[in-house]
Amino acid sequence: MSSSPRRPLPPVEQVRPGLWSIPVPIPNNPLRYVLVYALDTDRGPYLIDAGWNTDESYDSLRTGLERMGTTTRAVQGVLVSHIHPDHFGLAGRIQQESGAWVGMHPADIELIQGRYVEPGPLLRAVWDTLQMAGAPPDEMEALQQASMPVLPLVGATDPDVVMEDGFLPDVPGWDLRAIWTPGHTPGHLCFYDERNHLLFSGDHVLPRITPNVSLLDEDDIDPLGDFLQSLRKVGSYEAEEVLPAHEHRFVGLRERADELVSHHEDRFAQVERIVADGSCTAWQVAAHMEWSRPWERISGFMRRMALFEALAHLRALEVRGRLVVTDQNPRRWGPTT
Ligand SMILES: [Zn+2]
Ligand SMILES: [Zn+2]
């Protein structure tokens with residue numbers, strides 16, 4: 001069921017002393033908002049994620065910071081969980097206005113140029129992947145171009161702080177640690193607050209929906225395998241509460257991580273059933289997998305994401321030796337004999 005865009009956003013809330021949750025709208029998107037977390041310090045506020053680069057989003061962030069008693073100009077640092085526009089989009093504008101540092105994992109920093117500045121090679125990679133996946137010729141171009149509308153929603157900037165696994169961001173009075181959780185993107189980061197035992201989970205662990213995990217080209221070896229391993233990694237933290245970037249805060253990190261792992265085990269079984277009687281292209285597999293709506297009604301960017309997600313499952317099954325590649329151009333997978 002799609003939610004009405006007019007539904008009010010959750011309130012700006014103080015979550016813990018000095019820690020605020022600020023919903024920032026994502027226009028025309030069923031996710032509706034990204035939760036930006038603002039950490040108060042003697043030096044000024046630090047943000048975990050920033051929101052899309054639109055005036056409406058910027059105004060919500062500004063109003064939220066004012067509720068905290070501070071301003072966008074006082075921001076000292078932006079810790080970006082990953083490269084997607086709803087998280088990274090406003091970081092450049094905040095940086096310009098305040099001189100704040102922007103931090104990101106190197107594997108996502110590497111993608112900025114190709115995603116937001118010079119997308120030519122990426123578009124070619126998407127085209128090749130669509131062909132490999134067996135997309136019908138008359139849908140190729142629309143699917144290839146489907147991500148272009150988000151470009152203006154990102155004020156691309158070069159992050160000046162490189163946050164590797166275990167990195168301790170300089171946020172005075174807070175004991176934060178970056179946890180590298182590749183899968184949803186190659187450089188996705190969660191942040192663990194050692195003092196309050198809180199996990200800022202970005203898009204890696206959400207309370208109700210499962211994040212998209214895509215195979216986009218041959219360089220992504222096994223993103224879904226990485227994602228499952230990253231779930232086991234964060235599942236070992238004794239978090240008192242999880243603060244995700246969408247939906248709502250929740251308790252029960254380990255249970256939710258386990259649930260997501262078993263969700264993908266079910267998906268693996270589904271894919272294996274689909275290819276059981278012969279070999280299939282990724283397109284055929286995607287058309288027979290269960291989605292939140294029938295395949296015929298999934299269009300545009302959502303359709304491309306579903307296809308690339310089917311590919312990620314096929315690749316993971318191939319890596320595990322449960323499926324084999326039987327043909328190329330387009331690629332087909334069949335059961336291991
Ligand atoms: Zn994301
Ligand atoms: Zn997101």
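Conventions used here
- Residues numbered from 1 in each chain as written.
- Chains lettered and ligands numbered in written order.
- Predicted model: local features only at pLDDT ≥ 70, side-chain atom pairs only at ≥ 80, totals over all residues.
- Heavy atoms only, no water.
- Pairing = 2+ DSSP bridges.
- Helix = DSSP H or I, 4+ residues; strand = E, 2+ residues; numbered from the N terminus.
- Contact = heavy atoms within 4.5 Å.
- Axes fitted to C-alpha atoms, helices over the stretch in contact; angles between N-to-C directions.
- Donors = N, O, S within 2.8 Å, 3.2 Å for Na, K, Ca; no water.
- Tetrahedral: all angles 85-135°; square planar, octahedral: opposite > 155°, others 65-115°.
- Buried < 20%, exposed > 50% of the residue type's maximum accessible area, 1.4 Å probe, protein only.
- Polar contact = N/O pair within 3.5 Å; in protein donor to acceptor, adjacent residues only side chain to side chain.
- Phe/Tyr/Trp six-rings, centres within 6.5 Å; stacked < 30°, edge-to-face > 60°.
- Lys NZ or Arg CZ within 6 Å of the ring centre and 35° of its normal.
- Core = buried A, V, L, I, M, F, W, Y, C linked by side-chain atoms within 4.5 Å.
- Right-handed = clockwise from strand over helix to strand, strands pointing away.

## Let's talk about the sheet that holds strand S5 (residues 77-79)
Pairing between the strands of a sheet comes from backbone hydrogen bonds, and it takes one of two forms, parallel or antiparallel. What the 7 strands build is an open sheet, ordered S1-S2-S3-S4-S5-S6-S7; its pairing is mixed. Edge positions in the sheet fall to strand S1 (13-16) and strand S7 (161-162), since each of these pairs with one other strand and no more. Across 7 bridges, the pairing between strand S2 (residues 19-25) and strand S3 (residues 33-39) is antiparallel. Bridge assignment links Pro 25 to a residue of S3, and that residue is Tyr 33. Where helix H1 (residues 55-67) meets the sheet, its contacts fall on S2, S3 and strand S4 (46-48), and the angle it forms with S2 comes to roughly 160 degrees.

## Section: the coordination of the zinc ion (ligand 1)
Surrounding the zinc ion (ligand 1) are the protein donor atoms His 82 (NE2), His 84 (ND1), His 184 (NE2) and Asp 203 (OD), which sit 2.1 to 2.3 Å from the metal. Coordination geometry of the zinc ion (ligand 1): the 4 donor atoms subtend angles of 92 to 173 degrees at the metal centre, consistent with an arrangement described as irregular. Mapping the donors of the zinc ion (ligand 1) onto the primary sequence yields the spacing H-x1-H-x99-H-x18-D. Between the two metal centres, the zinc ion (ligand 1) and the zinc ion (ligand 2), the spacing is 3.5 Å, with Asp 203 acting as a shared donor. On the criterion of sequence distance, the pair formed by His 84 in the loop between S5 and helix H2 (85-88) and His 184 in the loop between strand S8 (176-180) and strand S9 (189-193) is long-range, its members being 100 residues apart. The pair formed by His 84 and His 184 is uniform in burial state, with each residue classed as buried.

## Observations concerning the coordination of the zinc ion (ligand 2)
At this site the zinc ion (ligand 2) is bound by Asp 86 (OD), His 87 (NE2), Asp 203 (OD) and His 246 (NE2), with donor distances of 2.1 to 2.3 Å. Here the zinc ion (ligand 2) binds 4 donor atoms, and the angle range of 86 to 158 degrees at the metal identifies the geometry as irregular. Written as a sequence motif, the donor arrangement for the zinc ion (ligand 2) is D-H-x115-D-x42-H.

## A short note on the side chain of Asn 212
Positionally, Asn 212 belongs in the loop between strand S10 (198-202) and helix H7 (223-235). In terms of polar contacts, Asn 212 uses its side chain to reach the side chain of Ser 214, at 2.7 Å. Discounting residues that sit within four places of it in the chain, Asn 212 has contacts with His 184, Met 305 and Glu 309.

## Side note on the sheet that holds S9
Spatially, S8-S9-S10-S11 is the arrangement adopted by the 4 strands of the open sheet, whose pairing is mixed. Each edge of the open sheet is held by one strand with a lone partner, namely S8 and strand S11 (241-244). Across the sheet, the mean angle from the axis of one strand to that of its neighbour is 25 degrees, orientation sign disregarded. As paired strands, S10 and S11 are joined by 4 bridges and run parallel to one another. Its bridge partner lying in S11, Leu 199 is registered against Val 242.

## Some remarks on the packing of aromatic side chains
The description of an aromatic ring pair rests on the distance of the ring centres and on the angle between the ring planes. Within the structure shown, the criterion is met by 5 aromatic pairs. Geometrically, the ring pair formed by Phe 88 and Tyr 116 is tilted, given 6.2 Å between the ring centres and 35 degrees between the ring planes. Here Phe 88 is found in helix H2, whereas its partner Tyr 116 is found in helix H4 (residues 106-117), with 28 residues between them in sequence. Taken individually, Phe 88 and Tyr 116 each receive the classification buried, so the pair is uniform in this respect. Consider the rings of Tyr 192 and Tyr 237, whose centres lie 4.7 Å apart with planes at 55 degrees: the pair is tilted. Of the two residues, Tyr 192 is situated in strand S9 and Tyr 237 in the loop between H7 and S11; the sequence distance between them amounts to 45 residues. The cationic tip of Arg 195 hangs over the ring face of Trp 174; the distance from NZ or CZ to the ring centre is 5.3 Å.

## Comments concerning the nonpolar core
Soluble, globular proteins show a tendency: their nonpolar side chains are buried together. Leu 130, Leu 199, Leu 231, Val 285, Leu 307 and Leu 311 are the most contacted members of the largest nonpolar core, which has 51 residues in total. Mapped onto this core, the elements with two or more residues apiece are helix H5 (120-133), helix H6 (137-145), S9, H7, helix H8 (253-274), helix H9 (282-288) and helix H10 (300-319). Not counting chain neighbours up to four residues away, the residues in contact with Leu 130 comprise Ala 135, Met 140, Leu 143, Gln 144, Leu 307 and Phe 308. Residues Val 78, Phe 88, Ile 112 and Val 154 belong to the second largest nonpolar core, which totals 31 residues.

## A closer look at the pairing of S11
Here S11 shows no split at all, with Glu 241 and Leu 243 on one side and Val 242 and Pro 244 on the other all buried. For the handedness criterion, the β-α-β arrangement of S10, H7 and S11 is classed as right-handed.

## Overview of the pairing of strand S6 (residues 101-104)
Every second residue of S6 is oriented toward a common face, with Trp 101 and Gly 103 on one face and Val 102 and Met 104 on the other, all of them buried. Pairing of S5 with S6 involves 3 bridges; the strand directions are parallel. If you follow Leu 79 over to S6, its bridge partner there is Gly 103. Relative to S7, S6 runs parallel, the two sharing 2 bridges. Across the sheet, the residue bridging to Gly 103 is Val 161, located in S7.

Everything listed is a geometric property; what it means functionally is a separate question.
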